[in-house]
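If you want the building blocks of each chain, they are given just below.
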Amino acid sequence: MPVVSWVAAVVCCLGYGVGTVLQSVGAKRAAAVTGVSGVVSIVAQLPYLLGLAADGVAFVANIVAARDLPLFLVQSVMAASVGVTAVIAALRGARLRGRDWAALGTLGTGLVLLAVSASADSPLAAAPAVEWAILGACALPAAVGLIGLRLSGPRSWIVLAVASGLGFSVVGVASRGLGALPIATSLLAHPLLWSLVAGGVLAMAFFAVALQRGPVTAVTAVTFTIEVVLPSFIGLVLFGDRVGSGLGPLAAVGFALAISGTTALARFAQ
């Protein structure tokens, strides 16, 4: 597998791990958000801005990794950023329980199995109609998120977390699709690039509000599960992502372990 893509995947994981912590700190500092304009009060917090910077680096790294690595691997590595957060917490003096170390081991094992079973290759080129459909799909997380903003109680953060997961799913799919295209100035007007930008903005905004309204563990678990499972399936169907010959069962076990370990460590996103 290309070394550059692997390095980018690691940078993506580290960047999102640090960024999630900083964004959570900024979100908790803001007053309760009751509408769309309230998102500004969260984004204006310095920790949140620093988190966005870390996310920006991870964002670019995600695109680079997706040029050669299948989505089921890239999305799993990205979601594994919560494991990085757990390690940072341990280095800062937090006491990890036995089940936390077990979750880290489970996550690591899952990623190793995915890495061994994944078949690296450039994605199949999507038809223009499909590329525009991906851009149009940004309307789904936008609509779901706006509904979540108007709700209250547990329903609110659950819907917002789903919206964030859908937004990040658009980002993953668009990133993989861009991998089939040559790097040129014409990409600035390409629907996949705008899908990536729009999906990312929506995902981060709704994730910020969800973190403020609900328990970090549950919010992160819902968001991560959607952003790993949905794009991974789309990558297999739409872009020709595949596993090595005879390694399907190994990939399935690795995928399940990666998701299990990630959700078990979700509390460290706070």
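To be clear, the structure that these remarks concern was listed above.
**Student:** Before we go on, may I ask you to explain the nonpolar core in this structure?
**Tutor:** In globular proteins that are soluble, nonpolar side chains generally tend to be buried together. Leu73 and Leu265 are the most contacted members of the largest nonpolar core, which totals 47 residues. For this core, the element with the highest residue contribution is helix 4 (residues 71–79), accounting for seven residues. Listed in part, the 16 residues of the second largest apolar core include Val144, Leu160, Phe207 and Ile226.

**Student:** Hey, could you run me through the pattern of salt bridges in this one?
**Tutor:** Pairs can form between side chains of opposite charge once their charged atoms are near each other. All chains considered together, the criterion is met by two salt bridges. Taking the shortest distance from any N to any O, the salt bridge between Asp100 and Arg97 comes out at 3.6 Å. You can call Asp100 buried: its relative accessible area is 2%. Asp241 is the partner of Arg176 in a salt bridge, and the nearest nitrogen-oxygen pair spans 2.7 Å. Taken together, the positions of Arg176 in helix 9 (residues 154–178) and Asp241 in the loop between helix 11 (216–238) and strand 2 (242–243) put the pair 65 residues apart, joining distant regions of the chain. Just as Arg176 is buried, Asp241 falls in that class too.

**Student:** Sorry, what's going on with a nonpolar patch on the surface here?
**Tutor:** Among the surface-exposed residues, Val3, Val7, Val11 and Val57 lie close enough to one another that they form a single nonpolar patch of about 330 Å² accessible area. In terms of residue count, the dominant contributor to the nonpolar patch is helix 1 (residues 3–29) (three residues). Inspection of the secondary structure assignment puts Val3 in helix 1. Judged by relative accessible area, Val3 falls into the exposed class, the value being 63%.

Calculation criteria
- Residues numbered from 1 in each chain as written.
- Predicted model: local features only at pLDDT ≥ 70, side-chain atom pairs only at ≥ 80, totals over all residues.
- Heavy atoms only, no water.
- Core = buried A, V, L, I, M, F, W, Y, C linked by side-chain atoms within 4.5 Å.
- Buried < 20%, exposed > 50% of the residue type's maximum accessible area, 1.4 Å probe, protein only.
- Helix = DSSP H or I, 4+ residues; strand = E, 2+ residues; numbered from the N terminus.
- Salt bridge = Lys/Arg side-chain N within 4 Å of Asp/Glu carboxyl O.
- Patch = residues over 30% accessible without salt bridge, like charges linked within 9 Å, V, L, I, M, F, W, Y side chains within 5 Å.
- Areas by Shrake-Rupley, 256 points an atom, 1.4 Å probe, with all protein chains shown as cover.

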